[in-house]
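A closer look at the structure
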Amino acid sequence: MSDDRVYPVSIEVNGTLREAQVPARLTLVDFLRDTLRLTGTHAGCEHGICGACSVLLDGEPVRSCIMYAVQADGRKVTTIEGLAQPDGRPGALQDAFCEAHATQCGYCTPGMVIAAHALLETNPAPAEQEIREAIGGNLCRCTGYQQIVDAIKLAAGKNTGNAA
Amino acid sequence: MMPLMKAAPFAYARPETLAEACSLLAEHGPDAKLIAGGQSLVPMMAMRLARPAWLIDIARLAELQHLAAPAEGKADGVFVVGAGVRQCVMERDPRARASLPLLAKALPWVGHVQTRNRGTIGGSIAHGDTSAEIALTACVLDAMLELCDTSGVTEIPAREFFLAPMVTAILPEQCLAEIRFPVWRSADKTIRRGCAFEEVSVRHGDFALVSACAQLELDPDGRCLRAELGLGGAAPTPLALPEVGAQLVGAKLDEQAISAAAAAAVALADPEGDLHASADYRRHLARVLVERVLRAAQQDARSTVGT
Amino acid sequence: MSIAPPQGFRYIGKKRRTKEDPRFVTGRGRYVADIALPGMKHVALVTSPHAAARIKAIRTDKALALSGVQYVLTGAELCAGTEALLPGVDAPKVTRYPLAHGVVRYAGEWVAAVVADTRALAEDAAEKIEIDYEATEYVLDPEKAVEPGSPLVHPAHGSNVLYRRKFVWGPVEEDFARAEHKLGLRVRWGRSATVPIETFGIAAQWDPGQQLLDVWASIQMPKYPDQIARALRLPGNAVRVHFDVDVGGSYGVKRGIKHTVLVGYLAKKLGMPVRLIEDRLENMRGGDMHGPDRIFDLQLAFDSDGTIRSLKIRALDDVGAYAGRSPLQLGKPVGAIVGPYQIHSVEYEPISVMTNKTAQEAVRGFGQSPTNYALESGIDAVARHLGMDRIALRQKNFIRKDQFPYLIPSGTSYDSGDYHAVLDKALAAADYPALVAARDAARKAGRLAGIGISSCLEPSGGNSSFEPLFNPKNETTTWMDSCLVRVDLSGAITGVMNTSSSGQGHETLVATVLGEVLERDPDTIRVVHADSLNALPSNSPVGSRMAIMLGGAAAGAARKIKAALLAIAAHNLRKDVAELEYHEGSVSVKGEPRQTLGWAQLVEIAHRKFHQMPPGLEPGLQAKFVWEVPTGGGLPTADGRIQMYPCFSFEAHVVLVEIDPETGQPKLARYACGHDCGVMISPDIVHGMTFGGIAHGIGAALYEKFAYSDNGQLESQSFMDYLIPSALEVPALTIADHCTPSPHTTFGQKGSGEAGYLGAPAAIACAINDALAPLGASIAELPMTPLQIWTRMQLARAGN
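The rules we used
Residues numbered from 1 in each chain as written. Chains lettered and ligands numbered in written order. Predicted model: local features only at pLDDT ≥ 70, side-chain atom pairs only at ≥ 80, totals over all residues. Heavy atoms only, no water. Phe/Tyr/Trp six-rings, centres within 6.5 Å; stacked < 30°, edge-to-face > 60°. Helix = DSSP H or I, 4+ residues; strand = E, 2+ residues; numbered from the N terminus. Buried < 20%, exposed > 50% of the residue type's maximum accessible area, 1.4 Å probe, protein only. Contact = heavy atoms within 4.5 Å. Buried area = accessible area lost by both parts, 1.4 Å probe. Salt bridge = Lys/Arg side-chain N within 4 Å of Asp/Glu carboxyl O. Polar contact = N/O pair within 3.5 Å; in protein donor to acceptor, adjacent residues only side chain to side chain. Nonpolar A, V, L, I, M, F, W, Y, C, P; charged D, E, K, R; others polar. Arc of directions from axis to C-beta. Domains from an automatic or database assignment.

All names here are of chain C. Following the criterion strictly, the structure yields 24 aromatic pairs over all chains and no others. On the numbers, 5.8 Å between centres and 70° between planes, the contact of Phe398 with Tyr419 is edge-to-face. In this pair, Phe398 is assigned in the loop between helix H11 (390–397) and strand S17 (406–407) and Tyr419 in helix H12 (residues 419–430), connecting sequence segments 21 residues apart. When sorted by exposure, Phe398 lands in the same class as Tyr419, which is buried.

By convention, interface size is frequently given as the accessible area that disappears when the constituent parts associate. Between chain A and chain B, the residue contacts involve 34 residues of the former and 35 residues of the latter. For the pair chain A and chain B, the summed buried area comes to about 2700 Å², and 51% of that belongs to carbon and sulfur atoms. Together, Ile66(A), Tyr68(A) and Gln71(A) form the three largest contributors to the area buried by chain A at its contact with chain B, with a combined 23%. Across the salt bridge formed by Glu46(A) and Lys6(B), the nearest N and O atoms sit 2.8 Å from each other. The tally of links from chain A across to chain B stands at 15 residue pairs in polar contact (both at pLDDT 80 or more). Among the secondary structure elements, those contributing two or more residues to the side of chain A that touches chain B are strand S3 (54–57) and strand S4 (60–63) of chain A. Among the elements that take part in the side of chain A that touches chain B, S4(A) stands out by supplying four residues, more than any other. Here the residues of the side of chain A that touches chain B are counted per class, giving 16 nonpolar, seven polar and 11 charged.

Moving on, we get to helix H17 (residues 599–608) of chain C. Residues and elements named next belong to chain C. Along H17, the residues that are buried comprise Trp599, Leu602, Val603, Ile605 and Ala606. Angularly, the buried residues of H17 cover 155° about the axis, an arc narrow enough to put them on a single face. Exposed side of H17, more than 90 degrees from the buried face: Ala600 and Arg608 are the residues found there.

The subject of this paragraph is unusual backbone geometry. Here the bond from Phe404(C) into Pro405(C) is cis, since omega is -5°, no more than 30 degrees from zero. Residue placement: Pro405(C) occurs in the loop between H11 and S17. Between Leu782(C) and the following residue, Pro783(C), the backbone shows a cis peptide bond with an omega angle of -5°. Although it is not a glycine, Asn14(A) sits at a positive phi angle of roughly 50°. In this fold, Asn14(A) is placed in the loop between strand S1 (6–13) and strand S2 (16–23).

All right, on to the domain arrangement of chain C then. Residues and elements named next belong to chain C. Its domain assignment divides chain C into domain 1 (32–136 + 194–286), domain 2 (415–462 + 645–800) and domain 3 (480–627). Listed per partner, the contact involves 21 residues of domain 1 and 17 residues of domain 3. Taking both partners together, domain 1 and domain 3 bury about 1300 Å²; carbon and sulfur atoms supply 55% of that area. Across the domain 1-domain 3 interface, the total number found is zero salt bridges. Taken together, the connections running from domain 1 to domain 3 amount to eight residue pairs in polar contact (both at pLDDT 80 or more). No other element matches strand S12 (residues 239–242), which puts four residues into the side of domain 1 that touches domain 3. Its residues placed into classes, the side of domain 1 that touches domain 3 shows 10 nonpolar, six polar and five charged.

Printed below as a string of structure tokens:
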């Protein structure tokens, strides 16, 4: 039963094509973390509830713990590392998270930033309730969500040229 | 063995066509499981509560991605949804929102943004959870499901599809290919139509403790011409209540009629108790929610002129 | 949010970005699961399906036959090879090892550990291990467990009671006899915890050449390296814990002793790097995860004018099948047993009882939040009994600001506070008159709405005075913390802290304090975490202590650096230190600004020019400071009086809740918290922790419970059933700051790491009960779920 056949996958991750041979049961989060060593994506519950493992799949936020790497073959994945500036410094949304101190332990943060990024891509000026719905599938135990909501408002304000 | 979180090993196939998928199903039978979005299946596999030897990925089959609204001008038609259409696509599609307002109201209750980006309409139905919003909507609207296998296509009404918790009428070698939702419309522009979907869960996005929905047609006097309603989480399977709907036809939906309908609905409910809700509480919620969706659907009908 | 900026500080109390955030927002934190050691092997755990059973046989051959499986460890071998872990109280027969040996005592207890090349392979092998159990009698109800004849969790101990004592502080019976009114009530705090999103993890590697065990772990545990070494029968200097691992949240629970002993043993035994990253199910059912589970019986004695004279509390705490420090969670509340109130005498009977459930561990507040919930429920009951306004009753009994330092009956002196002012600020922030109008309007419209108030203390500056109080054999009277500061040849400053952090922003804390004292920009200061072999003493970030203890230690070290710079300048300027002034790193002669030595010059002298150094001063520029907890150092009196913690933060919560009258679903409509933790070093960090604490409290009050079935199975072991509030359950939160400096600390700061959590459950429970009051219904048990609320509503409507 431990005979794990491997399958070729070819996934564009943060703009770079990555190819590997993986067992079918390898989840996308484990592929990103263990195979590619992109450890910014975190596993929190591994059953699709907490949202810590959120990544963008072809631009849409998904939970990488309830998706196998083979299912992402031929698709584009963006992780938290891919939202930083090319030199690794925080991108605009990440910078807003710093300004509002929207993180404490940092464990849920990558998933939150991914969820917020996806929201702002489709809704550049969200209302507070829309922000809460967009991050409603991402659990945070440190912040009570207040400063995360503030950070997303701040980023939206910069997006639309309005102060938050 | 107490469950852990990594799936047992399995083999994976991603067929190019539906026919190929059906052949693989025919070949592997009960050892194989279809995966589309996998939003319910993958957690079960992680805990090894499901352990297929073969996983057949149908998420990309173009044959399962179609959305077709009924032709303009026809009376009641059907809105055809490929089983592989993702919930988020359905949620955004303007034709679907216009033709199937009840489904549009149900979808925001399904999980969260991230799960709706992966989860499919057909996958949610095939999973067979009694509290699934899409399954309930399919039953209430009396949708027809198209199942296919190597020998061809068979049809089964959604109302006959769900047999027990997580048990459906689908055979191991069958693939749910299409869902045909009846669309309510008529040439008579005086008819007013409304619908509502409500549920109670402990947190938003959790499985519903109980859900209810209704769709109505009212004449200009507010008399009920047609009514369908149903309950999720209130029986081992999603529960359409056509007999309760029939009882409303011809009546004005006053509080007495609504209350009687709710009582009739609860009489047909058969909920289980669990950690979060006792059977009594679920029965109570069923009554409350049926009343609420009937009121809300009536309100919705009053505020929109029929098309 | 109103921030009253403390006066006279350069960096403290200012809005500044943190040092940690940039790495977290870009996914560049370094958590234990991110550490990949070459050739690392993975552990999966086989756990007991029974609440209590004898283990008759374990067959591992099928598991070992799988390719990629390295080893299967069972209790027999591990127990022989390691020392037992002992509870924090004097109960030597209540022994615990990481793996069960002979018997299992709760469903989920670890029975065997499989080591394999991947975690998935380890799980495959875990399935193949065959264990024969013979189920035995078990006890789940703590009230039954204390009765004679109950099944015993640890028969060798002779009883399920791990700790019990009745403390009487002051003339309790006389005060009760004199009081015009008495009432009693029972409230129950359900088994919940802080449940971080990161599970516990540990990676370890044994170096046989150096005879050294390297440990990377997700920990927040006092004296962790010492306990690991002791259990593994290694000298303390053979265990090196790397504190530079980011911890993905803890709030008390990341203790990890048993995990580390298990993995450390395996790494040494196998000569391979080994790691155990709990999955969520392992974490929930058998990790260090469950929090207090308490039944409180209170009696209050009071007069018609609202004066509360005396208080009796019996607290029965279900600690589960084993105990680490959990019994001590009944001890810490001794230091704030009267809350913010002038109560003349107290009787307190803590009872720590074992049952066949997952063991309890430390949770944010260390037992204080349940106690605060009980106390506040008592205050509300008095208000109801007298028909007195809840706010007025609190205001009447509050210790007044002119009464500090205030000695409470149990021997602790409160440092400072202005409870009236903070409650007023909370009421203003909530717009209390508008809140009352909204509640009354909702009621008039046939809805259920209620307002909750709580006013609670957060003891801070974490000392461990509960150790000698609850265990006379333990004479620990210091809980020091330390900081090392180094100024290198380039003039750059590095602060070294001596423990890991789990989101509290300690690097920002140390940099801010060093910057404040040395008048250098905190952004230029680096803060690193030592490993345990080059660390100064630390007792880890527990008990809301780091702003006080690490902040105080950093300030002490920085002051030594400043003194050295002044001494160097005095020597070279040929002046007395008293004639000099320090400004932003330069030292000048007072009134003669041209006679100045700059930072770079002073640093260069210290590092290169011994000939310019004053006699007796060490070359180089570094200083360490080890700080004892202020007010600490004492042992308890014979009647159990002790100074527990040094500083007392205060919080007042005001919340409006609406309950759906048909479904029983609660919704928090408005939430405001007045908070006084003295001088805030980093306001954003304090506010963040307070917001997060409130969210934890919302979870404990309404959603979260480790629920057990009648046969002892944990029913809420996944996130599908253990319900953590999301951004849709937590409302917008408002904090109103107040600042009463502590006289005991360097800058007047108090602790805030447990803020919010210590008052939120009490306030929400109060609001729910206010909402249910018109029906004649009430609930005295957390969590108050929709099912619970509806059940109470039904009973009330049925006239019961």
